[in-house]
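So you can see what is in the structure, the chains are spelled out below.
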Amino acid sequence: AQKVTQAQTEISVVEKEDVTLDCVYETRDTTYYLFWYKQPPSGELVFLIRRNSFDEQNEISGRYSWNFQKSTSSFNFTITASQVVDSAVYFCALSVLSGAGSYQLTFGKGTKLSVIP
Amino acid sequence: GAVVSQHPSRVICKSGTSVKIECRSLDFQATTMFWYRQFPKKSLMLMATSNEGSKATYEQGVEKDKFLINHASLTLSTLTVTSAHPEDSSFYICSARDRREESTDTQYFGPGTRLTVL
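Residues numbered from 1 in each chain as written. Chains lettered and ligands numbered in written order. Predicted model: local features only at pLDDT ≥ 70, side-chain atom pairs only at ≥ 80, totals over all residues. Heavy atoms only, no water.

## Details of the overall build of chain A
Then comes step 1: A tally of regular secondary structure across chain A gives zero helices and 12 strands.
Then comes step 2: Taken over the C-alpha trace, chain A has a radius of gyration of 14 Å; the compact-globule value for 117 residues is 13 Å, and the two agree within 12%.
Then comes step 3: Taking the principal axes of the C-alpha coordinates as reference, chain A spans close to 45 × 30 × 20 Å.
Then comes step 4: With 117 residues in all, chain A has 42% of them scored as buried.
Then comes step 5: Taking as baseline every contact in chain A between residues at least 6 positions apart, the subset at least 24 positions apart corresponds to 55%.
Then comes step 6: For chain A, the accessible area works out to roughly 5,900 Å², and carbon and sulfur atoms hold 48% of it.
Then comes step 7: Computed over 10 positive and 12 negative side-chain charges, the inter-centroid distance for chain A is 4 Å. (Helix = DSSP H or I, 4+ residues; strand = E, 2+ residues; numbered from the N terminus. Rg over C-alpha atoms; globule rule 2.2 N^0.38 Å. Buried < 20%, exposed > 50% of the residue type's maximum accessible area, 1.4 Å probe, protein only. Contact = heavy atoms within 4.5 Å. Areas by Shrake-Rupley, 256 points an atom, 1.4 Å probe, with all protein chains shown as cover. Lys, Arg positive; Asp, Glu negative; His and termini not counted. Charge placed at Lys NZ, Arg CZ, Asp CG, Glu CD.)

Below, the structure written as structure tokens:
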């Protein structure tokens, strides 16, 4: 069975601070995909990144960066110089190929980030 | 690109009525769409997987006769909540997988529909 743990339920930071959102996953599959989604107060989930299990290169996109470490089964997300618009719930998700031949996406419980001006 | 729309965004209905929610992929074709339910301050729970031209696959515990899913085309899936009850009140979110990205399971999400059953 797959599992995604986001231990941080809520985080508050002051604007311009850096913040890291943790994500730890569990799977026995060697091929899988990891995702981060952002859910602002409006409710719509916004796709941020996809990483496959064979690509451990870290990625940077503007103020966002992701650190994928298979050795610790972690896929952490860092926001540099946070802004009020970053306030949202962030979900980490894991996708593996099920026995039925279809992908199954498992979400973590989410981390609510509040950026205070 | 990769825009998914949902309609309506918000609906209030009386207990016992049926409500239809539409999910459309606007700029890509989706052979597979998904329906999720999200309770306040909770994560998303997959309800069913909708495949174009075939019957939906429901997750354990989800009543298929209550939550009717139809995936009539490569850009449209509908979820009908039949004989709605107050406990069906929730935030329903659909997602669609671009057929060109089938092998990576990247899902693009709609804006959600907030259903309130009185």
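After that view, the rundown keeps rolling.
## Side note on the packing of aromatic side chains
Then comes step 1: Under the criterion given, the structure shown has 20 aromatic pairs over all chains.
Then comes step 2: With a centroid separation of 5.1 Å and an interplanar angle of 85 degrees, the aromatic rings of Tyr 64 of chain A and Phe 77 of chain A are classed as edge-to-face. Of this pair, Tyr 64 of chain A sits in strand β8 (residues 64–69) while Phe 77 of chain A sits in strand β9 (residues 74–79), and the two are 13 residues apart along the sequence.
Then comes step 3: Judged by relative accessible area, which is 16%, Tyr 64 of chain A ranks as buried.
Then comes step 4: Of the aromatic side chains, those joined through ring pairs into one cluster are Phe 35, Tyr 37, Phe 47, Phe 91 and Phe 107 of chain A together with Phe 28, Tyr 36, Tyr 108 and Phe 109 of chain B. (Phe/Tyr/Trp six-rings, centres within 6.5 Å; stacked < 30°, edge-to-face > 60°.)

## Some thoughts on the state of the cysteines
All names here are of chain A.
Then comes step 1: Taken as a whole and assessed by the stated rule, the structure comprises two disulfides over all chains.
Then comes step 2: Sulfur-sulfur distance for the disulfide between Cys 23 and Cys 92 comes to 1.9 Å. Taking the torsion about the S-S bond as the criterion, the Cys 23 to Cys 92 disulfide, at about -65 degrees, is left-handed. Residue Cys 23 is found in the loop between β3 (19–21) and β4 (24–26), and its partner Cys 92 is found in strand β10 (residues 88–97); the two are separated by 69 residues along the sequence. (Disulfide = S-S within 2.5 Å.)

## Structural notes on the interface of chain A and chain B
Then comes step 1: Each side of the interface is counted separately: chain A has 18 residues, and chain B has 20 residues.
Then comes step 2: Together, the buried faces of chain A and chain B total about 1,500 Å²; carbon and sulfur atoms form 54% of this surface.
Then comes step 3: The largest share of the area that chain A buries against chain B comes from Leu 45, Tyr 103 and Phe 107 of chain A, three residues that together contribute 30% of it.
Then comes step 4: Where chain A packs against chain B, one counts four residue pairs in polar contact (both at pLDDT 80 or more).
Then comes step 5: For the side of chain A that touches chain B, the elements supplying multiple residues, two or more each, are β5 (32–39), β6 (46–52), β10 and β11 (103–107) of chain A. (Buried area = accessible area lost by both parts, 1.4 Å probe. Polar contact = N/O pair within 3.5 Å; in protein donor to acceptor, adjacent residues only side chain to side chain.)

## A closer look at the pattern of salt bridges
Residues and elements named next belong to chain A.
Then comes step 1: Taken as a whole and assessed by the stated rule, the structure comprises six salt bridges over all chains.
Then comes step 2: With its nearest N and O atoms 2.8 Å apart, the salt bridge here joins Asp 86 to Arg 63. With a gap of 23 residues between them, Asp 86 in the loop between β9 and β10 and Arg 63 in the loop between β7 (59–61) and β8 connect regions that are remote in the sequence.
Then comes step 3: Taking relative accessible area as the criterion, Asp 86 reaches 1% and is therefore assigned buried. (Salt bridge = Lys/Arg side-chain N within 4 Å of Asp/Glu carboxyl O.)

## Focus on the sheet that holds strand β3 (residues 19–25) of chain B
Strand pairing within a sheet occurs via backbone hydrogen bonds; the two strands may be parallel or antiparallel.
All names here are of chain B.
Then comes step 1: With antiparallel pairing, the four strands of this open sheet are ordered in space as β1-β3-β8-β7. In the strand order of this sheet, the two ends are held by β1 (4–7) and β7 (67–73), each with one partner. Geometrically, the sheet is characterised by an average inter-axis angle of 15 degrees between neighbouring strands, direction not taken into account.
Then comes step 2: Strand direction decides the pairing type here: β7 and strand β8 (residues 76–81), joined by five bridges, are antiparallel. Residue pairing in the sheet places Ile 69 in a bridge with Leu 79 of β8. (Pairing = 2+ DSSP bridges. Axes fitted to C-alpha atoms, helices over the stretch in contact; angles between N-to-C directions.)

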